[in-house]
Structure formats: structure tokens, C-alpha cells
Amino acid sequence: MSEVVAVIDYGMGNLHSAGKALEKVASGQQIVITGDPDQVRAADRVVFPGVGAIRDCIAVLRETGLDRAILDVIAAGKPVLGICVGMQALMARSEENNGVDCLGVFDGQVTFFGELQNDTGGRLKVPHMGWNQVRQGMAHPMWAGIADNTRFYFVHSYCVTGLADEEVAGRCDYGLSFAAAATRKNVFAVQFHPEKSADAGLTLLENFLRWQP
Amino acid sequence: MLLIPAIDLKDGKCVRLKQGRMEDDTVFSDDPVAVASHWVERGARRLHLVDLNGAFAGEPVNGDIVKAIAKAHPDLPIQIGGGIRSPEIIQAYLDAGVQWVIIGTKAVNEPQFVKEMCQQFPGHIIVGLDAKDGKVATDGWANVTDVDVIDLAKQFENDGVSAIVYTDISRDGMLQGVNVDATVRLAQSMSIPVIASGGITNLDDVRNLCAVADQGISGAITGRAIYENTLDFGEGQALSDELIGA
């Protein structure tokens, strides 16, 4: 039986292109777009995009039971890829919406860019939007075939800080250095959008489908 | 406040999409020039054109029709969105008599493009932003971001855009009423005008928007409602003129 890759669907976004992008790089894997916690648990790999305001994102996850499904999949040792707000949702806490407890897979914090200062003491321009270089913090199967300092596409106003060094798979500089990619065991999470990052993004997705943590 | 009739062009015809889904369209007319003339006769003082093929294929497929509409109504301000991805396309539309081009997807994918186009074509660039619950939506798959639409709109204001077309994607084409609060919040936080898009259903929506138009809402784009007759365009514009003046 072929492997099943679940893309978590909140019913809020258009995930058809996600399915298509993954199918393009899949080798015989079945891509399922689903909001059903049981289907997520049954999958061999899970892609976790995350949407919108963190409070709404976490609330939807809790209401649907998808939060527990994601934690179960992680505990079962299956590969999980968090993307953008999906990465943020895996942290301990976000300061968005006056502070929201997240899933706590990582100890990191999610912080607003605009309250941070750049080198010259000015307020950072938010959102951080466009292409930016990612410095790889470690050799990792997810970076296979992707050169260090490759540019990926970002669009976000909040970023992850406070991770342990060994969990920072990639850094990006935008006034400050933040975690562009985080990893712990079978979890890999990226702040950028691989689906909008051209060839490097596709390579990353392909690496995810092959990854055997 | 201007009511701005939307004419969505696809394969040379006028269509309406439900929540932006290309496969979910309804053809309204085979003659876009006649449709444009119809709205002008009903009192439209600006037109909103969307090149849906362009928006999906990356270049203008309905360019000739846009030119024909502009030629038929040389004094009518026209704004157009869809596939605005290069200075050549912008120049072609301006040459054809279009007043403003609306940069949508590319504004978020490549913000630098907006800045450059504002410098090259000052006074002719509008940015279209889609949002859900106040957060910017993109065409990617995690398609609602953590970015507050106000933060982004302010960046484009600094770049020199003439207006922001604000579309609440949970409401566009679904006849659910306008997200007035979100539109007003955006308008209040900027000095350039906001054009509301999405959700206008009937005269009540026009009335609700007119009540706050002085906060910086210069227009409201209306599509499905005027084609499905839940809103009479002429009555809507007349009400707006009566409530807040032309």
C-alpha cells in the first residue's frame, strides 16, 4: 500500500494547489487534504499549514480535535511539516491577540516584528514580505539539494524566537535574526512558504516526502 | 461615494465567480462593451474591470475588449485588475485609456514591484488586498497569513499607491453583506481612499457604507448584486448621492 500524506485543511484556505504541488513531487504517495482528525492520525506524513490569526487557528484546532491528532502524529514519530502559522502554532506561546497558548511542541515564542528594533534603533517595517535568504543552521535531510543562503518567499508579521540553538534549522535576518526553520526529531517547521518559493520550495517538499527521521 | 460596477471578463465574456473559484462561474453576457454601456446609462461614473484570464494565465487575454470599452467611453474613469504583472502591461492599459491598474497577487508576492510601478506610473497604481478576518490572504496554500491587512496597506500607501481596493474574501460574491467594520478600520488608518469590494447585496449595504464613507471610503465595487438584481444600480448610486453628495 502506498504512503498517505495528509494536508491539514481548516476549511478556510484553498488547498487544491497544495495537493497539486505535493503530487508533483510525490513518488507514488497519496496526497489527502483533510480536516478529519482520524484521517490525520492514520496518515504516514502530515503537512500542517496553519491559517490567519493564531487565536483563531488554535481555536479551530481545539474545536475539531486536530490539535490532539497533530500531537499524536508527532508522538508516533511520523514526519510532520509545519508551514508559516503552522510553525508558529507548534511553539509554546504567541504574543498575538494579547497572548495565546499554542501547541507547545517547541519552547519558542512567537513575537511581533514591529515591537522589535533594527540595527539603527528604528521600528521594523511589518510585514516582512518578499524573498529572503535562509542560513542553514545544520546539515539536515530537509536541506538536501538546497544551497545554504538560498532565498525563500516570506509573508508574515510575527516570527519565532527563543528556540534552543540545536532546534534552529535555519535563520533569516530581517532587522533581527529569527528562526526561519525549526526542527526537533520528526518535526520540521518553516516560516516561509515553500509553495511560493519556486524550485527551492519544491525541493524542500520533495525532501519532506522522502524524509525518514 | 461611488458605486462601481464590476465587469469580470473571461474568454471575451462577462462572468461572475463565486469566491474567486475559476471553475465556479456564471456567464452573464457575450458583449462586455454593451454591459459597460448599460452601467454607464444607469449612472455609473467609474468602471471596475477584471481580466480573469489574465489573473490566471499571467498575461492579458481580454486586452482588446478592455480597449474597446475605454474607446466607447473615453471620459469614463476605468480601473482594471487581473494579470498586472509588468510595466509593459500597465503601459498598454494606460495607452488604451484606462485610468488605474490594480496590482493584486504580485503586490504581495513582490512588494518592490508596487514601489517601482508607483514611481514609473504615478497616480495610476491601485493595490488590491484580499483579507479574511483582517488578515491578508495570498494565493499560496497557507492562504491566510498572520499579516494584518492594515500594516500591509500602510506600506503600500508609503510607496505611493492611489487607493486600496479591499476585498473581504469570506464575503465576495456570496451576497452576505459588507464587512463594514473591517473596511472602516482600514480607511481610518490611512490617508488614501479605500474602495470596498465584496459583499454588497442591497440598498442597506449602500446605506451602511455611506454612513461611514467620510472615514475614507471613496467607492464600493458591486458585482453579483447588480447582475442578480438584489440591488438596482441606479437606485444605489442615487441613494449614495443623496446621503453624502456626489
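Everything quoted here is computed from the prediction, not taken from an experiment.

Right, let's talk about the overall build of chain A for a bit. Assigned secondary structure in chain A consists of six helices and 13 strands. Over its C-alpha atoms, taken along the principal directions, chain A stretches across nearly 55 × 40 × 30 Å. Going through the 213 residues of chain A one by one, you find that 49% of them count as buried. Within chain A, contacts between residues at least 6 apart in sequence are counted, and of these 67% link residues at least 24 apart.

Let us look at the interface of chain A and chain B. Reports of interface size often rely on the accessible area that becomes lost once the parts have come together. At the junction of the two partners, chain A supplies 31 residues and chain B supplies 21 residues. At three residues, the largest contribution of residues to the side of chain A that touches chain B is made by helix H5 (residues 85-89) of chain A. Grouping the amino acids of the side of chain A that touches chain B by side-chain chemistry returns 15 nonpolar, 11 polar and five charged.

Glancing now at the packing of helix H9 (residues 203-210) of chain B against helix H11 (residues 233-244) of chain B. All names here are of chain B. At their nearest, the axes of H9 and H11 sit 10 Å apart, and the two run at 25° to each other. Taken together, the axis directions place H9 and H11 in an arrangement best described as roughly parallel. Note that H9 runs across H11; the crossing there is right-handed. Each of Leu 203, Val 206, Arg 207 and Cys 210 in H9 lies in contact with H11, whose residues at this interface are Glu 235, Gly 236, Leu 239, Ser 240, Leu 243 and Ile 244. In terms of residue class, the contact of H9 with H11 is built from six nonpolar, two polar and two charged.

Parameters and conventions
Residues numbered from 1 in each chain as written. Chains lettered and ligands numbered in written order. Predicted model: local features only at pLDDT ≥ 70, side-chain atom pairs only at ≥ 80, totals over all residues. Helix = DSSP H or I, 4+ residues; strand = E, 2+ residues; numbered from the N terminus. Buried ≥ 20, exposed ≤ 12 C-beta atoms within 10 Å, placed from the backbone. Contact = placed C-beta atoms within 7 Å. Nonpolar A, V, L, I, M, F, W, Y, C, P; charged D, E, K, R; others polar. Axes fitted to C-alpha atoms, helices over the stretch in contact; angles between N-to-C directions. Parallel < 35°, antiparallel > 145°, perpendicular 65-115°, else oblique. Left-handed = near helix turned anticlockwise from the far one by under 90°.

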